[in-house]
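What follows is the residue order along each chain.
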Amino acid sequence: MKYILLLVPCVLALLTPLYNSVEPVLFGLPFFYWYLLLLVPVSSLFVYLAWKVER
């Protein structure tokens with residue numbers, strides 16, 4: 001179970017066709033950038049959840 005939780009952010013980061021676009025723009029940032037910036041806290045959340053499952 002914990003490995004699946006760790007795999008989710010990796011797969012989301014590797015699915016480049018999913019976020020390879022400029023639109024929609026948020027605060028002047030293209031979708032590509034704010035998707036990756038949003039993925040940082042999401043990834044840390046999944047790492048935390050995997051740690052809690054392991055305990």
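The coordinates are above.
Parameters and conventions
- Residues numbered from 1 in each chain as written.
- Predicted model: local features only at pLDDT ≥ 70, side-chain atom pairs only at ≥ 80, totals over all residues.
- Heavy atoms only, no water.
- Helix = DSSP H or I, 4+ residues; strand = E, 2+ residues; numbered from the N terminus.
- Rg over C-alpha atoms; globule rule 2.2 N^0.38 Å.
- Buried < 20%, exposed > 50% of the residue type's maximum accessible area, 1.4 Å probe, protein only.
- Contact = heavy atoms within 4.5 Å.
- Areas by Shrake-Rupley, 256 points an atom, 1.4 Å probe, with all protein chains shown as cover.
- Salt bridge = Lys/Arg side-chain N within 4 Å of Asp/Glu carboxyl O.

K.L.:
Looking at this structure, how should I read the overall build of the chain?
P.N.:
The helix and strand tally for the chain stands at 3 helices and 0 strands. The N-to-C order of helical and strand elements in the chain reads α-α-α. For 55 residues, the compact-globule estimate of 2.2 N^0.38 gives 10 Å, and the C-alpha radius of gyration of the chain, at 13 Å, exceeds that figure by more than 25%. Principal axes of the C-alpha set define a box for the chain whose edges measure 40 × 20 × 10 Å. The buried share of the chain, taken over its 55 residues, is 15%. Restricting the contact set of the chain to residue pairs at least 6 apart, pairs at least 24 apart contribute 44%. Surface summary for the chain: the accessible area is close to 4300 Å², and the carbon and sulfur share equals 76%.

K.L.:
Would you explain the pattern of salt bridges in this entry?
P.N.:
One side chain can pair with another of opposite charge once the charged atoms of both are near each other. If you walk through the whole model with that rule in mind, you get 1 salt bridge. The partner of Lys-2 in a salt bridge is Glu-54, and the shortest N-O contact between them spans 3.5 Å. Of this pair, Lys-2 sits in helix H1 (residues 2–14) while Glu-54 sits in helix H3 (residues 31–54), and the two are 52 residues apart along the sequence. A residue is classified by how much of its surface remains accessible, and Glu-54, at 52% relative accessible area, is exposed.

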